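Breakdown of the fold
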Amino acid sequence: MAAASLLPGYYLGLMSGTSMDAVDAVLAVAEAGTFRVHAARAEPLPGPVAERLRRLALPGPADPAGPDPVDELGALDRLVGELFAAAAKGLLAEAGVAASEVRAIGSHGQTLRHRPRSPHPFTLQVGDPNLVAEHTGITVVADFRRRDVALGGQGAPLVPAFHAAVFADPREYRAVLNLGGIANLTLLPPGEAVTGFDTGPANTLLDAWARRHLGTPCDEDGRWAAAGRVDEALLHRLLAHPFLALPPPKSTGPEEFSPAWLDAELAALGHAPAPADVQATLGEFTARTVAEMLAPRPPARLVACGGGARNPHLMGRLGALLPGTRVESSAAYSIDPGHVEAAAFAWLAARTLAGLPGNLPSVTGARRAAVLGAVWPA
Ligand SMILES: Nc1ncnc2c1ncn2[C@@H]1O[C@H](COP(=O)(O)OP(=O)(O)OP(=O)(O)O)[C@@H](O)[C@H]1O
Ligand SMILES: [Mg+2]
C-alpha cells in the first residue's frame, strides 16, 4: 500500500469498537513507501468493564440506583486508558519490539455516544490518552473524530481513506464493508472520489439478542440465526427506521439501533416471533441494509472486514443478496478482518504526525480535509 509520505517506523493502532468485545491492538510498519501489519493482538475487555461501558453508552435518564453518570464517565475514561496501555504493552512484548522503536500510538478510544445529527452534534470517546502515553512511554495521537465534527462533518466513518489506500484497484470497482457493532461501507469506483457511510447495525443487535437469550457474547458463526426463520413483518418494521432513508453522509451508533428500539418494534408487531426467528431477522436486517445501499451500482467485489466477516451466515446472506458481486473476507488481501480497523488508526496517527489530513470530506461531509486528532508526546 502506498505510504510514501509517512515518516518511516512502527505505528501502533488501538481500537475498541461499539461491540465492546476487545481492545484490538495492531503494530504496523511504514517503510519504503509501504504500510503493513507486523503483529496484532486482541485483548478481551473484562466483562464487568464492558457491562459498565454498555450501560453508560445506552441513552436514557440515569438509573437512580446506579452510579453518578459523570463520575462513571471519569472512572471509565481512566479504566479504558489503562486497558489500552496494557494492550499496547502486551502486543509489544509479544512482538519483541521496544517502546522506543514505536513512533506513535493511534488510539481511537471507546465511543460512548455518537450524535452527529443532534442540534449540538458531538461524538464522545473515552480512554485517557495521557495515561496511554504515560504507561507506554510512546507518543499518542488520539481524539481523531472531533476535528471533523468541528468542520461540520459526521466524524465518521474515518476508515475509508485507509480502505482506499489498501484495497482500491485502478480497474475494478470494489467496496469495503466493515462489520463491527455498526456496519460501514467504503465505495472505491476507479477514478472517482471515495465515498463511504454507515449502513446501520452489523453485530450490535445480533450480540445483544444472543446475550439476552443464549447468555453468550455473540451468536457464534451465526448458527442460531441460521436455525431461525426470517419474520417478514418484523423485517419490514426494522427496515422503516428513518436512518436508513437518509442520504449520505451519514453515521450512526448503537444508541440509535438499541435493544430498547428492537423491543419497541417487537411490542408493536402484534405477534411474538420465536427468539431464533428474531435472530434470523436481525441477520437479514444487517445484510439487507448493506445490499440495498449497493444495489443501484453493485461493485465487482465486496471486501468484508471486522468481526462480522467471521460470521459465515452473515457472509452467506450478503453473497445471496448481491449475486453479481464477489463477497470475500479481507483475509484474501493478506489482512486479517480483525486487524483492519486498528491498522487504520495506526495509519491515521502516521498521517497526523506527517502533517497530512485523515478525513475525506466526500465521506464525512466536513467542510475540508484536516489533520486529525491531537498529539500527547511520550
Ligand atoms: N465467529 C463469529 N461468529 C459470529 N460473530 C462473530 C464471530 N467473530 C466475531 N463476531 C462478531 O464480531 C464482533 C466484533 O467485531 P469487531 O471487533 O469488528 O466490532 P467492533 O468492536 O464493534 O469494531 P468497530 O466498531 O471498530 O468496527 C463480535 O461482537 C461478534 O458479534
Ligand atoms: Mg471489537
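The structure displayed is predicted, hence computed values, not measured ones. (Residues numbered from 1 in each chain as written. Chains lettered and ligands numbered in written order. Predicted model: local features only at pLDDT ≥ 70, side-chain atom pairs only at ≥ 80, totals over all residues. Heavy atoms only, no water.)

1. Regarding the side chain of aspartate 277
The criterion, for reference: Put simply, DSSP H or I for four residues or longer makes a helix, DSSP E for two residues or longer makes a strand, and each gets a number counted from the N terminus. In this scheme, a residue with accessible area under 20% of its type's maximum is buried, one over 50% is exposed, and one in between is partly exposed, where area comes from a 1.4 Å probe on protein chains only. The charge count treats Lys and Arg as positive and Asp and Glu as negative. His and the chain ends do not count. Here a salt bridge means any side-chain nitrogen of Lys or Arg lying within 4 Å of a carboxyl oxygen belonging to Asp or Glu. As used in this structure description, the phrase polar contact means that two N or O atoms lie within 3.5 Å; if the pair is within protein, one of them must be able to donate a hydrogen and the other to accept it, and residues adjacent in sequence are counted only when both atoms belong to side chains. Note on contacts: a residue pair is in contact if any heavy atoms of the two residues lie within 4.5 Å.
Positionally, aspartate 277 belongs in helix H11 (residues 275-294). Comment: no salt bridge for buried aspartate 277; closest opposite-charge side chain is arginine 229, at 4.8 Å. For aspartate 277, the side chain forms a polar contact with the main-chain nitrogen of arginine 229, separated by 2.8 Å. When neighbours within four sequence positions are excluded, aspartate 277 is seen to be in contact with Gly228, Arg229 and Asp231.

2. Comments concerning the sheet that holds strand E8 (residues 182-188)
Going by this rule: At least two DSSP bridges between two strands are needed for those strands to be called paired. Fitted lines through C-alpha atoms give the axes, limited to the stretch in contact for helices. The angle between two N-to-C directions lies from 0 to 180 degrees.
In space, the five strands of this open sheet follow the order E9-E8-E7-E10-E11, with mixed pairing throughout. On the outer flanks of this sheet lie strand E9 (195-201) and strand E11 (326-329), each paired with one strand and no other. Going from strand to strand, the sheet's axes swing by 20 degrees on average, the running direction of each strand aside. Pairing of strand E10 (residues 301-305) with E11 involves four bridges; the strand directions are parallel. What sits directly across from valine 303, in E11, is glutamate 328.

3. A closer look at the domain arrangement of the protein chain
Our working definition: All domain edges in this entry derive from an automatic or database-based domain assignment. Throughout, buried area stands for the accessible area (probe radius 1.4 Å) lost by two parts on being put together, summed over both.
Per the domain assignment, the segments making up the protein chain are domain 1 (9-158 + 337-376) and domain 2 (169-333). When each unit is reduced to the centre of its C-alpha atoms, the spacing between domain 1 and domain 2 is 23 Å. Facing the 24 residues of domain 1 at the interface are 33 residues of domain 2. Summed over both sides, the interface of domain 1 with domain 2 buries roughly 1900 Å², with 55% coming from carbon and sulfur. Three residues stand out in domain 1 for area buried against domain 2, namely Thr18, Arg117 and Pro337, and they jointly supply 31% of the buried area on that side. At the junction of domain 1 and domain 2, the tally comes to two salt bridges.

4. Describing the pattern of salt bridges
Between side chains of opposite charge, a pair can form when the charged atoms approach closely. In total, this model carries 21 salt bridges according to the counting rule given. With a shortest N-O distance of 3.6 Å, arginine 54 and glutamate 51 are connected by a salt bridge. Of this pair, arginine 54 and glutamate 51 both sit in helix H1 (residues 47-57), separated by three residues, roughly a single helical turn. Residue classification places arginine 54 among the buried residues on the basis of a relative accessible area of 18%. Take glutamate 51: its relative accessible area is 34%, and that puts it in the partly exposed class. The partner of glutamate 328 in a salt bridge is arginine 326, with the nearest N and O atoms 3.3 Å apart. Judged by its relative accessible area of 11%, glutamate 328 falls in the buried class.

5. A look at the site of ligand 1
Note the following rule: It suffices for a single heavy atom of a residue to lie within 4 Å of a molecule or strand for the residue to be listed as near it. Computed with a 1.4 Å probe, the accessible areas rest on the Shrake-Rupley method; for each residue, only the protein chains presented here act as cover. Residues were grouped as follows: Ala, Val, Leu, Ile, Met, Phe, Trp, Tyr, Cys and Pro as nonpolar; Asp, Glu, Lys and Arg as charged; and all remaining residues, including Gly, as polar.
Neighbouring ligand 1 are 22 residues, the closest being Ser19, Gly181, Asp207, Asp221 and Gly307. At 2.8 Å, a side-chain N or O of asparagine 178 approaches an oxygen atom of ligand 1. Here ligand 1, which alone exposes 640 Å², has 87% of that area covered by the protein. Looking at the shell around ligand 1, its residues break down into three nonpolar, eleven polar and eight charged. Both domains that meet at the shell around ligand 1, namely domain 1 (9-158 + 337-376) and domain 2 (169-333), each give it at least three residues.

6. Examining the packing of aromatic side chains
Convention followed: Pairs were defined over the aromatic rings of Phe, Tyr and Trp, the Trp ring being its six-membered one, requiring ring centres within 6.5 Å. Orientation was assigned from the angle between planes: stacked under 30 degrees, edge-to-face over 60, tilted for the rest. Only when the NZ atom of a Lys or the CZ atom of an Arg is both within 6 Å of the ring centre and within 35 degrees of the ring normal do we say a charge sits over the ring.
Summed over all chains, the structure comprises nine aromatic pairs. Where phenylalanine 167 meets tyrosine 333, the ring centres are 5.8 Å apart and the plane angle is 90 degrees; that geometry is what we call edge-to-face. Placement of phenylalanine 167 in helix H5 (residues 160-167) and of tyrosine 333 in the loop between E11 and helix H13 (340-353) is noted, with a sequence separation of 166 residues between them. Take phenylalanine 167: its relative accessible area is 1%, and that puts it in the buried class. Assessed through its relative accessible area of 22%, tyrosine 333 is described here as partly exposed. An aromatic cluster is built from Tyr11, Phe35, Phe162 and Trp347, whose rings are joined through pairwise contacts. Across the ring face of phenylalanine 243, the terminal group of lysine 250 is positioned such that the distance to the ring centre comes to 4.5 Å. Here arginine 297 stacks its cationic end above the ring of tyrosine 173, 5.0 Å away from the centre of that ring.

7. Considering the packing of H5 against H13
Any two packed helices are characterised by how steeply their axes cross, that is the angle between the axes, and by the distance between the axes. Here is the rule we go by: When describing relative orientation, an angle under 35 degrees is termed roughly parallel and one over 145 degrees roughly antiparallel, while 65 to 115 degrees is termed roughly perpendicular and anything else oblique.
Closest axis-to-axis distance for the H5/H13 pair is 9 Å, and the angle between their directions is 100 degrees. Viewed along their axes, H5 and H13 adopt a mutual orientation that is roughly perpendicular. Between H5 and H13, the contacting residues are Ala161, Phe162, His163, Ala165 and Phe167 on the first element and Val340, Glu341, Ala343, Ala344 and Trp347 on the second. Of the residues assigned to the contact of H5 with H13, the class counts are eight nonpolar, one polar and one charged.

8. Some thoughts on the confidence of the model for the protein chain
Stated formally: The pLDDT value expresses, per residue, how confident the predictor is, ranging between 0 and 100.
On average, residues of the protein chain score 97 in pLDDT, and 99% of them are at 70 or above. When mean pLDDT is taken per element in the protein chain, strand E6 (residues 140-142) scores highest with 99 and H1 scores lowest with 96.

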